[in-house]
Amino acid sequence: MAGTGEEAARPSPSMRRRQVREAAIQAVITLVALTGIAAVVLIFVFVAREALPIFTSPEVGKETDLARMFLPQAWRAGRPAFFSWQPVSDVPKYSMVPLFVGTLKVTAVAMLVSVPVGVAAALFTSEFAPRRLREVLKPTIELLAGIPSVVLGFFALIVLATVLQDTFGFTSRLNAVVAGIALALTVVPVIFTVSEDALTAVPRSYREASLALGATRWETAFKVVLPAAAPGVLAAVVLGFGRSIGETMIVLMASGNAAMTTFSFGDSVRTLPATIAAEMGEVVFGGAHYAVLFFIGVELFLFTFVLNTLAAAFVKRVVRRMAGTA
Amino acid sequence: MTSIPHPAASAAKMETRRLEIRYGAKAAVKDVSLTLPDRQVTALIGPSGCGKSTFLRALNRMNDLIPGSSASGEILLDGRSIYAGHLDAVELRRRVGMVFQKSNPFPKSIFENVAYGLRIGGLSDRRELGERIERSLRSAALWDEVKDRLAESAMGLSGGQQQRLCIARALAVEPEVLLMDEPASALDPIATAKIEDLIHELKVRYTIAIVTHNMQQAARVSDQTAFFYMGELVEVGPTEQIFTTPRQQRTEDYVTGKFG
């Protein structure tokens, strides 16, 4: 009697094999997932480590520190304090402010152009375009994302800059508007693709309900479909913003690269990523300039991280409010 | 027998004449001539795929949204063709409202759901909106359950409440005809009973057409019943007659449960 009881408790060989296989598969998938996370964390750690001398090394500390990077400095006695990025000079000046202003100006122009264009194109494609046209439109706009940014930068440098200067009469040929519009060419497909997917995923029943109440297609698209897809459209905008802040080659070629702290969009600008790309090749390894460039990398990292986190929290709130559990 | 007024005694609110609806080459509804008497309930019954839902959706031109569909014959509202110049699909749908099989509230607040049709109709006065919304929710027998949570999302309501909200939303724009496509098929018996009670109350003011798979429901709520089979209208008559003494053998087989 006791023997049969033990017999029953012991797993059969096939059951045992199945359990081992399941455990092995789970372990592999977990490992792969962790590798992805580890890569992100390690990149951040190594970039941050190179920036650390700003705070720890007395050598680097002589050239710069947080206050000198973020506050206006009076470089000559008796002159008003100002922000200056002049890393290669007798007295190296590492103010982040002109770079921030430049990045924000270019990004603002890019988003101002690409959010309306991208979302409107997505709305048109999902709600109004006949099926044949939609099948052409979507891959065509997505193809824009496949153009290498150096080609777009070249186009901006040679063609776009001339056209815009002739139209608006900018004093500097390469400026925030030129770079921002060129940047928009890469941001539009990102916003378009993700928004279009979100809009298409809105259930047909919402559209039918709206139309059955006597709404026109426009009213249905703007007052029902777009709000219902808001979380996805917002995610698209955030992705586009991240793309726009991090894009290097286009702004390097089309922005003029003058680190100026002005609020005119017609002035040349220098952005954070373009600064890294332009200067990393000629810095002294381990010197102050080197550490500051890595510090810029950390800033870019933090920007996108904070932005994504805020956006994710906001999207969650919107979704919860829609679902009625808030 | 005499408690139910004969449909013929009442004026026609909507009428189809030799209506045929095609999806591509396939005719889903063939040669249907049917009258919806004013302020009465017409039940459309028949097995799945018999064309009753397609017929219903033709009455407010919802089929226009389906690529490849076409209609011929006549559909009249108050004696005038719904395809004539005095009406477009938008105007028609304001007069002929619809409630769908699956409740489909917008992911907005309860208030905004009912307000939607009014707002697109150009009403923006906050006080009048409030009054119209309360009236609609009362008509849909939902007011007492939601009056303290109008600002909450409609998605948090139960299935039966959501369906009554959809009815309230349709009533808010004050249509003349209400089309209901199996409005209770996804609901439990208690919620179904509430919808049926509601239909009884609504027919005082609205002309109603309801598609249903449920024979008892058709018998309970309707004044007139139309039996569809394979896209054709087999028989139409006072509900009591259809369920007790149908003239056609196929009708009898269907209502007694021999097929379907």
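Just so it is clear, the model here is predicted, and its values are computed rather than measured.

**Student:** Please clarify how helix α7 (residues 189–202) of chain B should be interpreted in this entry.
**Tutor:** The α-helix advances 3.6 residues per turn, and as a result positions three or four apart in sequence lie on the same side. Residue and element names in this part refer to chain B. Between its first and last C-alpha, α7 extends 20 Å over 14 residues, near the 20 Å set by a 1.5 Å rise per residue. The complete set of buried residues in α7 reads Ala191, Thr192, Ile195, Glu196, Leu198, Ile199 and Leu202. Looking straight down α7, one finds its buried side chains confined to an arc of 155°; they lie on one side. The exposed residues of α7 that point more than 90 degrees off its buried face are Pro189, Ile190 and Glu201. Of the surrounding secondary structure, the elements contacted by the buried residues of α7 are β3 (41–45), α4 (126–139), α6 (159–172), β7 (177–181), β8 (207–211) and α8 (215–221). Between a side-chain oxygen at the N-terminus of α7 and the backbone nitrogen of Ile190 the separation is 3.0 Å; the capping residue is Asp188.

**Student:** Sorry if this is basic, but what is going on with the interface of chain B and chain A here?
**Tutor:** Interfaces are frequently sized by the accessible area removed from exposure as the parts join. On the chain A side, the residues contacting the 25 residues of chain B number 22 residues. Of the roughly 1,900 Å² buried at the junction of chain B and chain A (both faces included), carbon and sulfur atoms supply 63%. Area buried by chain B at its contact with chain A is led by B:Pro107, B:Tyr116 and B:Ile120, which between them contribute 27% of it. On inspection of chain B and its partner chain A, the count reaches 1 salt bridge.

**Student:** Before we go on, may I ask you to explain the nonpolar core in this structure?
**Tutor:** Side chains of a nonpolar character, in soluble globular proteins, are inclined to be buried together. Residue and element names in this part refer to chain B. Leu137 and Ile167 are the most contacted members of the largest nonpolar core, which has 46 residues in total. Among the elements that make up this core, the one with the highest residue count is α6 (6 residues). The residues touching Leu137, leaving out its near neighbours within four places in the chain, are Val114, Leu142, Trp143, Val146, Leu150, Leu165 and Ala168.

**Student:** Help me understand the packing of helix α11 (residues 217–228) of chain A against helix α12 (residues 230–246) of chain A in this model?
**Tutor:** For any two helices packed against each other, the geometry is given by the interaxial angle and the distance between the axes. All names here are of chain A. Between α11 and α12, whose axes approach to 5 Å, the crossing angle comes to 70°. With respect to α12, the axis of α11 lies roughly perpendicular. Across from Leu226, Pro227 and Ala228 in α11, the residues of α12 making contact are Ala230, Pro231 and Val233. Grouping the amino acids of the contact of α11 with α12 by side-chain chemistry returns 6 nonpolar, no polar and no charged.

**Student:** Please explain the domain arrangement of chain A as it appears in this structure.
**Tutor:** Residue and element names in this part refer to chain A. What the domain assignment reports for chain A is domain 1 (13–51) and domain 2 (93–325). The distance between the C-alpha centroids of domain 1 and domain 2 comes to 33 Å. Contact with domain 1, which involves 7 residues of that partner, is made by 8 residues of domain 2. Between domain 1 and domain 2, roughly 660 Å² of surface is buried when both sides are summed, and carbon and sulfur atoms account for 85% of that area. Applying the counting rule to domain 1 against domain 2 returns 0 salt bridges. Taken together, the residues of the side of domain 1 that touches domain 2 break down into 6 nonpolar, no polar and 1 charged.

**Student:** Explain the pattern of salt bridges to me, please; I cannot follow it from the model alone.
**Tutor:** Pairing between side chains of opposite charge can happen when the charged atoms of each approach one another. Under the counting rule described, the total for this entry stands at 31 salt bridges over all chains. Of the charged contacts in the structure, one is a salt bridge between B:Arg17 and B:Glu74, with a shortest N-O distance of 3.9 Å. One end of the pair, B:Arg17, is in strand β1 (residues 12–23); the other, B:Glu74, is in strand β4 (residues 69–77), with 57 residues separating them in the sequence. Taking relative accessible area as the criterion, B:Arg17 reaches 37% and is therefore assigned partly exposed. Judged by its relative accessible area of 35%, B:Glu74 falls in the partly exposed class. Measuring nitrogen to oxygen at the nearest pair gives 2.6 Å for the salt bridge that ties B:Arg119 to B:Glu112. Residue B:Glu112 is classed as partly exposed on the basis of its relative accessible area, which comes to 26%. Look at the salt bridges and you will find they share partners, linking A:Lys138, A:Glu142, A:Glu196 and A:Asp197 into a network.

**Student:** I tried to follow the packing of aromatic side chains on my own but got confused; where do I start?
**Tutor:** Any two aromatic rings considered together are summarised by their centre-to-centre distance and by the angle between their planes. All names here are of chain A. Scanning the entire structure with this criterion turns up 15 aromatic pairs over all chains. Measuring from centroid to centroid gives 5.9 Å for Trp85 and Tyr94, while their planes differ by 70°, and the two rings are edge-to-face. This pair shows no difference in class: Trp85 is buried, exactly as Tyr94 is. With a centroid separation of 4.6 Å and 35° between ring planes, the pair formed by Phe128 and Trp218 is classed as tilted. Note that Phe128 is positioned in helix α6 (residues 97–128) and Trp218 in helix α11, a separation of 90 residues in sequence. Looking at Phe128, the relative accessible area reads 18%, which means it is buried. Aromatic ring contacts, followed pair by pair, group Phe55, Phe70, Phe100, Phe295 and Phe303 into a single cluster.

**Student:** Just checking my understanding: could you explain the sheet that holds β7(B) for this structure?
**Tutor:** Hydrogen bonding along the main chain pairs the strands of a sheet, whether they run parallel or antiparallel. Residue and element names in this part refer to chain B. Taken together, 6 strands build an open sheet; the order of strands is β6-β7-β8-β3-β9-β10 and the sheet is mixed. If you trace the sheet from one side to the other, it starts and ends with β6 (96–99) and β10 (232–238), each paired once. Each strand axis lies, on average, 20° off the axis of its neighbour in the sheet, ignoring direction. Here β3 pairs with strand β9 (residues 224–229) via 4 bridges, running parallel. Within β9, the residue paired with Leu44 across the bridge is Ala226. Sheet strands in contact with α6 are β6 and β7, and its direction is about 170° off that of β6.

**Student:** Could you clarify how one ought to interpret a positive patch on the surface in this entry?
**Tutor:** Residues and elements named next belong to chain A. Taken together, the side chains of Lys316, Arg317, Arg320 and Arg321 define a basic patch exposed on the protein surface. Considering the arrangement of structural elements, one finds Lys316 in helix α15 (residues 288–323). On the basis of relative accessible area, Lys316 is assigned to the exposed category, the value being 57%.

**Student:** Which parts of the structure should I look at to understand the sheet that holds strand β2 (residues 26–37) of chain B?
**Tutor:** All names here are of chain B. Reading across from one edge, β2-β1-β4-β5 is the order of the 4 strands in this open sheet, with antiparallel pairing throughout. Edge positions in the open sheet fall to β2 and β5 (80–81), since each of these has one partner strand only. In this sheet, β5 lies alongside β4 in antiparallel orientation, the contact comprising 2 bridges. Its bridge partner lying in β5, Leu77 is registered against Arg80.

**Student:** Looking at this model, I keep getting lost on the side chain of A:Ser114. Mind explaining?
**Tutor:** All names here are of chain A. Mapped onto the secondary structure, Ser114 falls in helix α6. In terms of polar contacts, Ser114 uses its side chain to reach the backbone carbonyl oxygen of Ala110, at 2.6 Å. Every residue in contact with Ser114, bar those within four places of it in the chain, is listed here: Val119, Ala184, Val187, Val188 and Ile191.

**Student:** How should I be thinking about the environment of A:Gly240 in this particular structure?
**Tutor:** Residue placement: A:Gly240 occurs in helix α12. Setting aside chain neighbours within four positions, we find A:Gly240 in contact with A:Met111, A:Val187, A:Val190 and A:Ile191.

Quick notes on the rules
- Residues numbered from 1 in each chain as written.
- Chains lettered and ligands numbered in written order.
- Predicted model: local features only at pLDDT ≥ 70, side-chain atom pairs only at ≥ 80, totals over all residues.
- Heavy atoms only, no water.
- Helix = DSSP H or I, 4+ residues; strand = E, 2+ residues; numbered from the N terminus.
- Expected span 1.5 Å × (residues − 1).
- Buried < 20%, exposed > 50% of the residue type's maximum accessible area, 1.4 Å probe, protein only.
- Arc of directions from axis to C-beta.
- Contact = heavy atoms within 4.5 Å.
- Polar contact = N/O pair within 3.5 Å; in protein donor to acceptor, adjacent residues only side chain to side chain.
- Buried area = accessible area lost by both parts, 1.4 Å probe.
- Salt bridge = Lys/Arg side-chain N within 4 Å of Asp/Glu carboxyl O.
- Core = buried A, V, L, I, M, F, W, Y, C linked by side-chain atoms within 4.5 Å.
- Axes fitted to C-alpha atoms, helices over the stretch in contact; angles between N-to-C directions.
- Parallel < 35°, antiparallel > 145°, perpendicular 65-115°, else oblique.
- Nonpolar A, V, L, I, M, F, W, Y, C, P; charged D, E, K, R; others polar.
- Domains from an automatic or database assignment.
- Phe/Tyr/Trp six-rings, centres within 6.5 Å; stacked < 30°, edge-to-face > 60°.
- Pairing = 2+ DSSP bridges.
- Patch = residues over 30% accessible without salt bridge, like charges linked within 9 Å, V, L, I, M, F, W, Y side chains within 5 Å.
- Areas by Shrake-Rupley, 256 points an atom, 1.4 Å probe, with all protein chains shown as cover.
- Lys, Arg positive; Asp, Glu negative; His and termini not counted.
- Charge placed at Lys NZ, Arg CZ, Asp CG, Glu CD.

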